[in-house]
Amino acid sequence: MASLDKPPHTPLPTTTVKWRFPAVHSEGYKFVAIAIGLTLLLTIASNILFWPMVGLTIWVAAFFRDPIRTTPQGQGLIIAPADGLITMIERVPVPRELDGPNGLLTGDYVRVSIFMSVFDVHINRSPIAGTVRQVVYVAGKFLNADLDKASDENERQYFVVEGHDGRRVGFTQIAGLVARRILGFVKAGDIVAGGQRIGLIRFGSRVDVFLPEDCVCQVALGQRSIAGETVLGRAGGIAPVGVAQ
């Protein structure tokens, strides 16, 4: 029996959250406008092309969709920067582009690779809150982003974010076969929140995340990640079942 001198249980404050149709990111406005223009022009030439072009226009708008994401809060959490399929989890040396006084410490890191198809959301987000210490762009090839060598040969852009606890996390935007443009929304010195939008890749690509030594990987191969929501790593965390360390 509850003690009479204790106040009655008070439920946590709640509110109703409703689903809403994702907005189109401003980077996609011109592409949607081009698709609409082509639809009108080609429909004048032939009515047969109307529905295929409408479908193409819808796909272009969907590619640049920018849904609202709710980022988990907690000490030592590293959040997925991209939507997509976890295709590789392996221990690798720190890339030379992430080395240096503003980069990561020399050594081996667990690299988690997230492959984004042309149907995934392509807005990339910061895996932690903190200060952007380094942004490095490297021109390169446009190999299949699912290949391991794409990390070293494809066009790519590196980021290093230092958290409030001093822990640094590196991650890389990598172009793919179809991707021909990597966009960054932040620069060195900017302060970012965990899950904040930091860039975009057009059209189909990959993002690599380098987990710090004291972080335990919390995802498995074949799992799908959600940018700004899925926990990739946890400092001092417990490895999930089926993930080799």
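It should be emphasised that the depicted structure is a prediction, and the values quoted were computed from it without experimental measurement.

Draft legend 1. Structural view of the overall build of the chain. Across its full length, the chain holds three helices and 16 strands. In the chain, the share of contacts with a sequence separation of at least 24, taken over all contacts with a separation of at least 6, comes to 71%. Surface exposure of the chain reaches about 13,300 Å², of which carbon and sulfur atoms provide 61%.

Draft legend 2. Spatial organisation of the pairing of strand β7 (residues 130-138). Two strands pair when backbone bridges link them, and β7 and strand β8 (residues 156-163) are joined in this way by eight bridges, in the antiparallel orientation. Within β8, the residue paired with V138 across the bridge is R156. One ladder, built from two bridges, connects β7 with strand β11 (residues 191-192); its direction is antiparallel. Note that in β11 the partner of T131 across the bridge is I191.

Draft legend 3. Inspection of the packing of helix α1 (residues 29-45) against helix α2 (residues 50-63) at higher detail. Between α1 and α2, the shortest axis-to-axis distance is 9 Å and the interhelical angle comes to 180 degrees. Relative to α2, the element α1 lies roughly antiparallel. Together, F31, V32, A35, I36, L38, T39, L42 and T43 of α1 and F50, M53, V54, T57, V60 and A61 of α2 make up the contact between the two elements.

Draft legend 4. Geometry of the pattern of salt bridges. Tallied over the full model, the rule gives 15 salt bridges. Between R197 and D66 there is a salt bridge, and its shortest N-O distance comes to 2.9 Å. Of this pair, R197 sits in strand β12 (residues 197-202) while D66 sits in strand β2 (residues 65-66), and the two are 131 residues apart along the sequence. Residue classification places D66 among the buried residues on the basis of a relative accessible area of 12%. The network of salt bridges with common partners includes E90, R111, R206 and D208.

Draft legend 5. Local environment of α1. With 17 residues, α1 should reach 24 Å at 1.5 Å per residue; the first-to-last C-alpha distance of 25 Å fits that figure. By the burial criterion, the buried members of α1 are V32, A35, T39 and T43. Across the axial projection of α1, the buried residues extend over an arc of 60 degrees, all falling on one side. Exposed residues pointing more than 90 degrees away from the buried face of α1 are listed as K30, L40, L41, I44 and A45. Its buried side turned inward, α1 meets β1 (23-24) and α2.

Draft legend 6. Seen up close, the pairing of strand β9 (residues 168-175). Most of β9 is tucked away, with seven of its eight residues classed as buried. In terms of strand pairing, β8 meets β9 through seven bridges, oriented antiparallel. Its bridge partner lying in β9, V160 is registered against G170. Turn length for the β8-β9 hairpin, with the two strands adjacent in sequence and antiparallel, is four residues, and the turn residue G166 shows positive phi of about 90 degrees. Here six bridges tie β9 to strand β13 (residues 205-211), and the two strands are oriented antiparallel to one another. Paired with I174 across the bridge in β13 is R206.

Draft legend 7. Highlighting the environment of V160. Mapped onto the fold, V160 is located in strand β8. The contact partners of V160, leaving out residues within four places of it in the chain, are L98, N102, G103, L104, T131, V132, R133, Q134, R168, V169 and G170.

Calculation notes
Residues numbered from 1 in each chain as written. Predicted model: local features only at pLDDT ≥ 70, side-chain atom pairs only at ≥ 80, totals over all residues. Heavy atoms only, no water. Helix = DSSP H or I, 4+ residues; strand = E, 2+ residues; numbered from the N terminus. Contact = heavy atoms within 4.5 Å. Areas by Shrake-Rupley, 256 points an atom, 1.4 Å probe, with all protein chains shown as cover. Pairing = 2+ DSSP bridges. Axes fitted to C-alpha atoms, helices over the stretch in contact; angles between N-to-C directions. Parallel < 35°, antiparallel > 145°, perpendicular 65-115°, else oblique. Salt bridge = Lys/Arg side-chain N within 4 Å of Asp/Glu carboxyl O. Buried < 20%, exposed > 50% of the residue type's maximum accessible area, 1.4 Å probe, protein only. Expected span 1.5 Å × (residues − 1). Arc of directions from axis to C-beta.

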